[in-house]
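# Working through the structure, step by step
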Amino acid sequence: MDPVEGRNRATEAAAPPSRPASSRLRYLAALLVLIPALAGAGGDPHLLTTLTYASVWAVYGVGYDMFSGYSGRVNLGYAMFPGLAAYVAAILNARLGWTPVAAMLGGVVASGLLALLVGALTLRIRGIYFALATSIVPLALGQLTRIFARSIGGEEGIWGITPLWSDSRYDLWTALALLAAAYLFAAWYTSSKAGLVLRAIQGREDAAQAVGQNTHRVLLVSFLISAVMGAGAGAYIPHFQMTISPEVLDIGATLQVITFTQVGGPGTLVGPAVGAFGLVLLNEYLREFVEVRLFAYFLALVLLLRFAPRGVLAPAAQALVRAVAGRRTPAVPAAGRSDRAPVVAVRPRPPHPPAGAAADGAGGRSVILQADRLTKRFGGLVAVQQVSFSVREGEVVGLVGPNGAGKTTLFNMLTGFIRPTEGRVLLRGTDITHARPHEIARMGLVRTFQLAHPFPGLSVLENLVVGGLGPAVLDLGNRELAGARERAREVARFLGLERWLEQPAEVLPYGVLKRLEVGRALMADPRVLLLDEPFAGIGGQEFEELLAALSAIAAGGRTVVIIEHKLRAIMQLTRRVIVLHFGQIIADGTPQEVAADPGVQEAYLGVGGVGQSA
Amino acid sequence: MQALGTAAAVIVYGLGVSGIYALMAVGVALIYGVGRVINFAHGAFYTLGAYLTYLMATRLALPWPVAAAAAVLVVGLLGAAYDRYVLAPIREKEITVWILTFATAFLVREGLVLLLGARPYSIPSFVPGSTRLLGQSIANQRLLIVVASAVALGLLWVLLYRTRTGKALRAVAQTRYGAHLVGIPVERAHAAVMGISAGLAALAGVLISPIAVVTPDMGFEPLLLSFTVVIFGGIGSLRGSLVAALLMGYISTLVSFLVSPQYVTFSALATVFLVLLVRPTGLFGAAVEGA
Amino acid sequence: MEQRNHGVSRRHLLRQAAGAAAGAGWSFYVITRSRTARAGEASAFRVGALGPLTDFTGRDILRAAQMAAEEINQAGGVLGRPVEVVPADEGDPEQTVRAFQQLVTRDRVHAVVGGFRSGVILAVLPHVARARIPFIITGAASPDITKDVRRNYRSFKYIFRAWVNSNRQAVNLAGVVKEILNGQAGFTRFAIDAENLKWARDYVDILKPLLLQSGFDVVYETFHDPAITDFSPIFEAASRARAQVLLEIISNQAGYTIVKQWKAQRPRFALAGNNNPSYLVSSFWRDTEGACEYELSAYVKAPLSSKSLDFWARFEARHKESPFYTGTGAYDAVYLLKLAAERAGSFGADELVEALEQSDYEGVIGRIRFDEDHEATIPLPYGQWIKGNKVAVWPERFSLGRYQVPPWL
């Protein structure tokens, strides 16, 4: 099967979160906390316990959703984090005599460490493989509890754990406080920079790397936070249940969390919480049916999932809120409309002081990018062979050649997406041959993709913003986000994308997508911009607009390497052209020189045996 | 002498365990390969196969082998209908489909408990008696498992690689859209694959139940093991599933005979996890795209 | 994006909202219906029957408790009030804690009987202590369940057990080994296979030293996963160790599998011990197609008291099958509660506890008195399957025949 396809399908199914949680949903969430808190005040232990468990499951749902719902990576082992925290807390308290609070903290720390380990090992795997790899860990942990049954309790688990409170009402309030904290944090996190990057990764991980995002770190941090969130609630379980058993680690527990999420509405944060309350209460009230209870519960689940596959509770609640709260709600403060107005300099930057004559290209300037005998072999096939060239600062270089000449492979090697078999890449004298794509992008070498790779599910504005974000995962106060939005508007203006700013990227006309692709790269403020066929597939007015924009960028003094087939673009933009044929450079000179080169003419006319003429 | 006997037991039992794993795992792999569905209800088909065999033999007074064959057929049809009427309308919602199959597995379990009680039922061996092989007495039913699973897998292979239908199914597995373009009825292919997989799972359940007992829970453990096998072999790869079933069958048998049956599941899980770390796509899966 | 999503399909959302409203209405109906249903019997003596209701282990708790309640009601009730049995489903610890709490707070039961899985019941105990409701356990066998009765009497005095805990079961089996398997059959080499559950580990911890003390060899010992489906590796290892008897300690459906495979593979050892399905004397032979023949295991259909066989006959007549031991205990437990309430003249929890401690009752499981751990002192006989019947062979006073060595040994 095709892992790429697998990834895309899993991605598309993960219900791309529609948007950051809106303020009205927060009211709903507040109700969700308040109603049980009031209901529980009556002191009926059964109701209290039920609501306490529901709150705990709701925390799991929120924790699961804030990672999987936004990154699109289904964590089929999620319950291992609350489960391990519960076990460790139970052991620390019941066996080693720690106080409940210390034991709970210990449990959370243990889960955090597990999350780092599992995340580091599995997050590089995608799609279904990630789901399956994560599912195996808790199964193995569950087996360990059975194998070491004598020390950690086996099937029956551990008992004799000190409760945190002696009054069940405090249990509920504690659980609700955990839920409120988890929800508020998750709501902030997913609407912050990190949430945006997660959604970008869900769409196109490589494109996020190409603009300098360390996707592995963002994923790992989010995975860790999501785990710790669940662990906080998990570690609490033994301290009100007073026992703990391997069910908490079971894949069934994770599937339960995902069930709550799917029924409630994934990617909404409120949905999983509503789903948890709804289904836990449903299960309780079905007790009336005695032995038919579980049958009725699963029947209800099957029907819900079959007839409302997008989730029921959260969408219904949204509709309800909308119906009740009226149609005219205050506009959500639009992205970047912050009145703090630090207008960052319009990109492209004002031209560098033209040291030499602009006319002679880059005569006197220093070399910024250098390829040194780059070679790439795929099995027996040599895609690129001994390619060396250098680009000086401010130069605009065209890279041309027939299809299959190795141009894109060369780009992939320059930007770290493919390791060269031999040779080196130097950026301002630094060897970047083994650097990872996001590191290279951070150093100022940024590429675009031949087939436009916008982040689906993100608006044009958001697409641009992702391009302009710095390396830090957390952005307290969302300052960086606000700044990036300002710049994004400028870039959009420059490229004529303003009309589409709020449109989701996947519905744009192709020409706009190609401009967006350039815009996103510009947002990263590259010192060297590598454009992979920016004009492919567009013509007419759009061609002229893009040509004008790129000319302005070139005139602005930015170093550009451009792969292109459209001759007019090459002629207008570049002063130097490198011709690649069968993976080798066969000509390097001004466009006129190259056009006159007999070797090049042969290559394009397809006369055999030309490749050797370098 | 004793060691030799154990070696013989491992060889013969391992083949039987592998056969059951293979019947289960191939179905999981097929469903994933064609429909991209992680089918948590696969174990339910296994269970239903055993129950229907029991019911048809005792209530309709069919001879046991006939009842078994009929049960496999009926479960196959059930599987196809399940795909057509339950999964097909929501196929685009991949995770919802996974969770739905999970709920289905429990719904079947609870339904059986309600209708027939949680008590176990017994199915007699289809081929009573035992045979001496390599100095070890082996129940004939275990030999039947080896033969029947080999035959069933052989037939599957013929179907997939020697018939037009098989070609169409494989085309859908490669690309849904492409298959649709060349006029293959994609939805029917999905239902067919679910039917075949369900039938294979039912066969596994029928074959094993004379050795163990028929209970509403019998499908959960094989479900887990078949998943590990499929991940091991590379999800979606039939060849991978077969090889992995053989490997895993022998790993489990060796562990259970030489160490303790207690460690079988853990060793299977640990093996698969290690394989995933080195080769995320399993033994025979495609290589993961760079990064 | 905001706009787009809001626009998407109001109709769709409304339809879902309608669905949710219908669901809410339905659950409201269920709740109110249940509330009114309960209100009518406010004055009854209510006893909760806790057990896995979808399994015979719990189902027979409910059946037997209901049988006892009907008999008591026909005879005029308890202190002039009818007995009402309220079922509650035992599941995992989380589910069971909630089930127990529902019994206490919504159904307002005066006492609870039943309980099957030790680990689950251990999870419920702290809630019993909080609720202060007498709980007579009739299934779960772990000794830890009653451990706190003496240590923390004020909180845990509500816990009683009308069944034999695994320590005592182990002592019993050691007696069977000595008197029957060694005394009558001359076996000296034993293998132990127990399921990997707490009660069974506790069991082996007692059994093994007792066997060694008696001078027997324990040549092989293993614990299997409760979900086991293939015993051949264990049989193989026990044979290799030249065991003469495999002592099985099994509480679940693996009990069927082990005898079937024992019969099919004919390993060279006898099979004896505790096998829960083998307590089901009316169906075990049929459900294993006679594979259980020559198995020697614990069971309770013996003339343990003058009431025993009469009870079995009535239960079997009514349900067409014999009860599991959790049921026999639950039947007695309801009577124990009735007598305690009458002695105390009250349904109050503390009064019931005090009266229960004074119990001396001829139940179907034997003469029941509670020691200071609140454990009932009752016998647990052993029988051997011969030609479709489980024939009592131990202890001496119930014995109807001698132990027969499986003929293929």
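Residues numbered from 1 in each chain as written. Chains lettered and ligands numbered in written order. Predicted model: local features only at pLDDT ≥ 70, side-chain atom pairs only at ≥ 80, totals over all residues.

## Quick word on the confidence of the model for chain A
All names here are of chain A. Put simply, the test is: Looking at any residue, its pLDDT shows the predictor's confidence there, from 0 to 100. By definition, residue pairs are in contact when their C-beta atoms, positioned from the backbone, come within 7 Å.
For chain A, the average pLDDT comes to 82, and 84% of its residues sit at 70 or higher. Note that pLDDT drops below 50 for residues 1-21; the model gives that stretch 63 contacts with residues more than four away or on any other chain. Overall, residues 327-362 carries pLDDT values under 50, and its contacts beyond four positions in sequence, including any with other chains, amount to 48 contacts.

## Structural notes on the sheet that holds strand β6 (residues 422-427) of chain A
All names here are of chain A. To keep things clear, this is the line we draw: Paired strands are those between which DSSP finds at least two bridges. Labels follow the DSSP assignment, with helices taken as runs of H or I lasting at least four residues and strands as runs of E lasting at least two, numbered in each case from the N terminus.
Pairing within the open sheet is antiparallel, and its 4 strands lie in the order β4-β3-β6-β7. Edge positions in the sheet fall to β4 (381-392) and β7 (430-431), since each of these pairs with one other strand and no more. Sheet analysis places strand β3 (residues 367-378) next to β4, joined by 8 bridges and oriented antiparallel. Opposite Leu 369, over in β4, you have Val 391 as the bridge partner.

## Things to note about the interface of chain C and chain B
The cut-off we apply is this: Nonpolar residues are Ala, Val, Leu, Ile, Met, Phe, Trp, Tyr, Cys and Pro. Charged residues are Asp, Glu, Lys and Arg, and all others, Gly as well, are polar.
Contact residues are listed per partner, giving 26 residues for chain C and 25 residues for chain B. When contributions to the side of chain C that touches chain B are tallied by element, the ones reaching two or more residues are β7 (217-224), α10 (232-240) and α11 (254-265) of chain C. In terms of residue count, α11 of chain C provides more of the side of chain C that touches chain B than any other element does, 6 residues in total. Per-class residue counts for the side of chain C that touches chain B are 8 nonpolar, 11 polar and 7 charged.

## Regarding unusual backbone geometry
The criterion, for reference: Exposure in this text rests on C-beta crowding, where 20 or more other C-beta atoms within 10 Å of a residue's own make it buried, 12 or fewer make it exposed, and counts in between make it partly exposed. The C-beta atoms are placed from the backbone.
Cis geometry marks the peptide bond from Trp 394 of chain C to Pro 395 of chain C; its omega dihedral reads -5°. Along the chain, Pro 395 of chain C falls in the segment after β14 (389-394). Even without being a glycine, Leu 269 of chain A presents a positive backbone phi close to 65°. Inspection of the secondary structure puts Leu 269 of chain A in the loop between α13 (251-264) and α14 (270-285). On the basis of neighbour count, Leu 269 of chain A is assigned to the buried category, with 33 C-beta atoms found within 10 Å. We note that Arg 108 of chain C has phi near 50°; this positive angle belongs to a residue other than glycine. Looking at the element boundaries, Arg 108 of chain C is found in the loop between α4 (93-105) and β3 (111-114).

## What about the sheet that holds strand β9 (residues 270-275) of chain C?
All names here are of chain C. Where we set the bar: Angular values range over 0 to 180 degrees, each being the angle between N-to-C directions of two axes fitted as lines to C-alpha atoms, with helices fitted over their stretch in contact.
Across the sheet, 7 strands lie side by side as β7-β6-β8-β9-β10-β13-β14; this open sheet has mixed pairing. Since the sheet does not close on itself, it has two edges, and those belong to β7 and β14, each with one partner. Neighbour-to-neighbour, the strand axes of this sheet turn through a mean angle of 25°, independent of strand direction. As judged from the 2 bridges shared by β9 and strand β10 (residues 296-298), these two strands associate in the parallel manner.

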